[in-house]
Amino acid sequence: MDEHKGVRMAGRVHGSRNQASAGDLLDLVRTGRATTRGALQQVTGLSRATVGQRLDRLFRAGWLREGAGGPVDSPLGGRPSITLEFDDAHAVVLAADLDTRHARAAVLTLTGEILAEHAGPLAVDDGPERVLDQLGRWFAEVLARAGHAPAEVCGIGLAVPGPVDTGTGRVVQPPMMPGWDGYDIRGRLARAFGEATGAGPVPVLVDNDANLMAYGEQRASYPDCSAFVLVKVSTGIGAGVVVDGSPYRGIDGGAGDLGHIRVPDGADALCRCGSYGCLAALASGGAVARRLAAAGVPAASGSDVRDLLAAGHPEAAALAREAGRRVGEVLATVVTLLNPGVLVLAGDLAGMPFVTGVRELLYQRALPRSTARLEVVTSRLGEQAGLVGAGALVVDHLYAPERVEERLLALGV
């Protein structure tokens, strides 16, 4: 445990070590920074009695449990300290990852394990009501398969392929989501879940799919990376950025929209956003599919290109490598600006031809200092990255120190 880091955390949240709340104690335990009563006293400066009183509230809520005894630090021996653990069995989370033509829904534990999952075709063009109603029904299905009751759900996370104002949960002028601009996604999905299961209201959080993929990958595979970038190349192109463990979204959710950066030689390429010359119009899975279709190869979407790449189709591989070079040229600027430690390439195009093309241009154009310690890799979580990120977003929101206090008061403990 890094005790000094814990002290800084407590002081940063509340301004004084002596003001650490039950929520702060839960955060220290949940993140592994202090996992015994003695360590909590040391980190927060609270008395033994006060720590005990605040922990008792968390035990009564069912959010903490006692684990095994820890090592005995004293050379004189004595009883080992009882460790404290976040009890991830007291609730579950629902998550969905919505793409342009298909979607995935899952039920997860509070520590991110997927218990049951459903994937199927679902066209975002069908509009928010039909799509969200279907997700509500999928949620009922995965809950039943996992053996959990609707009342056990503490929250829902949704990843969408467009820019999101996270304060309202509404998408803002999404190029690939016609009919969704400004729609009350949170309210409608909560109602759809209730209609499908009979459950009461639950909180719903919505974020961009690349943001949540990045969050899931960073949390699960690269927790020590303080500057992390994921680029998703499917029907469109988007990037998620995680800095010091938190998604970076910009002032209104527009950060990471790589697909709409203009590229010099694309003046004749019309993008779905209505502009000419966007990177997505030239190097996305949709763009590659259009070029293949024009050459007589059946392909209508990024997922079709993915299938062709998996089958070793030579023309698809050549076009994917060319797309990778175009994306790599833009990423050279991104890497120079952000200096990340890890760059993950994900989505339908993220196979070896595309990755090779990205690396060719990225290492050629970026400063050597910016790439000297950079890992350029493909996704470890694959198609589950958005689900894991959406689940983590909900858990981090619900168990943030200030929200823990609100929820404990609502529970009467």
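Scope of this entry: the structure provided in the associated data block. (Residues numbered from 1 in each chain as written. Predicted model: local features only at pLDDT ≥ 70, side-chain atom pairs only at ≥ 80, totals over all residues. Heavy atoms only, no water.)

The number of helices and strands found in the protein chain is 15 helices and 14 strands. Relative to the globule expectation of 22 Å for 413 residues, the C-alpha radius of gyration of the protein chain, 23 Å, shows essentially globular dimensions. Overall size of the protein chain, expressed as C-alpha extent along the three principal axes, is 75 × 55 × 35 Å. Among the 413 residues that make up the protein chain, the fraction classed as buried is 52%. When the accessible area of the protein chain is evaluated, it comes to approximately 18,100 Å², of which 50% is carbon and sulfur surface. (Helix = DSSP H or I, 4+ residues; strand = E, 2+ residues; numbered from the N terminus. Rg over C-alpha atoms; globule rule 2.2 N^0.38 Å. Buried < 20%, exposed > 50% of the residue type's maximum accessible area, 1.4 Å probe, protein only. Areas by Shrake-Rupley, 256 points an atom, 1.4 Å probe, with all protein chains shown as cover.)

Now for the packing of helix H11 (residues 314-338) against helix H12 (residues 352-365). Between H11 and H12, the shortest axis-to-axis distance is 6 Å and the interhelical angle comes to 35°. Helix-helix and strand crossings are classified by hand; for H11 and H12 the assignment is right-handed. Along its contact with H11, which presents Ala317, Ala320, Arg321, Ala323, Gly324, Arg325, Val327, Gly328, Glu329, Leu331, Ala332 and Val335, the element H12 presents Pro353, Phe354, Thr356, Gly357, Val358, Glu360, Leu361, Leu362 and Arg365. The residue inventory of the contact of H11 with H12, partitioned by class, reads 12 nonpolar, 4 polar and 5 charged. (Axes fitted to C-alpha atoms, helices over the stretch in contact; angles between N-to-C directions. Left-handed = near helix turned anticlockwise from the far one by under 90°. Contact = heavy atoms within 4.5 Å. Nonpolar A, V, L, I, M, F, W, Y, C, P; charged D, E, K, R; others polar.)

On to the sheet that holds strand S6 (residues 153-160), then. What the 5 strands build is an open sheet, ordered S5-S4-S3-S6-S9; its pairing is mixed. Each end of this open sheet is capped by a strand with a single partner; those strands are strand S5 (114-121) and strand S9 (204-208). Mean inter-strand twist for the sheet, computed between neighbouring axes without regard to direction, equals 15°. Bridge count between strand S3 (residues 92-98) and S6: 6 bridges; the pairing is parallel. Bridge pairing links Ala96 to Leu158 in S6. Lying on the sheet, helix H5 (residues 128-146) is in contact with S3, strand S4 (102-108), S5 and S6; it crosses S5 at an angle near 145°. (Pairing = 2+ DSSP bridges.)

Moving on to the state of the cysteines. Under the criterion given, the structure shown has 0 disulfides. Here Cys271 is not cross-linked by a disulfide; its sulfur's nearest cysteine counterpart is in Cys273, at 3.8 Å. The exposure class of Cys271 is buried, given its relative accessible area of 8%. (Disulfide = S-S within 2.5 Å.)

Across the sheet, which stays open at both edges, the 5 strands sit in the order S12-S11-S10-S13-S14 with mixed pairing between neighbours. Either end of the sheet is taken by a strand with one partner, and the two such strands are strand S12 (246-248) and strand S14 (375-378). The mean angle between the axes of side-by-side strands here comes to 25°, regardless of whether they run parallel or antiparallel. Bridge count for strand S13 (residues 342-346) against S14 is 4 bridges, and the pairing is parallel. Paired with Leu345 across the bridge in S14 is Thr378. Together, strand S10 (227-233), S13 and S14 form the strand contacts of H12, whose direction differs from that of S14 by roughly 165°.

The next point concerns the pattern of salt bridges. A full pass over the atoms with the stated rule returns 26 salt bridges. In this structure, Glu117 and Arg104 form a salt bridge, with 2.8 Å as the shortest nitrogen-oxygen distance. With Glu117 in strand S5 and Arg104 in strand S4, the pair connects residues that are 13 residues apart, well separated along the chain. Considered together, Glu117 and Arg104 belong to a single accessibility category, that of buried residues. Salt bridges sharing partners connect three or more residues here, namely Arg104, Glu117, Arg306, Asp307, Asp348 and Glu383. (Salt bridge = Lys/Arg side-chain N within 4 Å of Asp/Glu carboxyl O.)

The biggest cluster of nonpolar side chains holds 44 residues, and the ones touching the most others in it are Val231, Leu292, Leu331, Leu343, Leu345, Phe354 and Leu362. Elements with a contribution of two residues or more to this core: S10, strand S11 (237-243), helix H8 (279-283), helix H9 (285-294), helix H10 (302-310), H11, S13 and H12. The greatest single-element share of this core, amounting to 10 residues, is contributed by H11. Grouped together as the second largest cluster of nonpolar side chains are 34 residues, Trp138, Val164, Val171 and Ile185 included. (Core = buried A, V, L, I, M, F, W, Y, C linked by side-chain atoms within 4.5 Å.)

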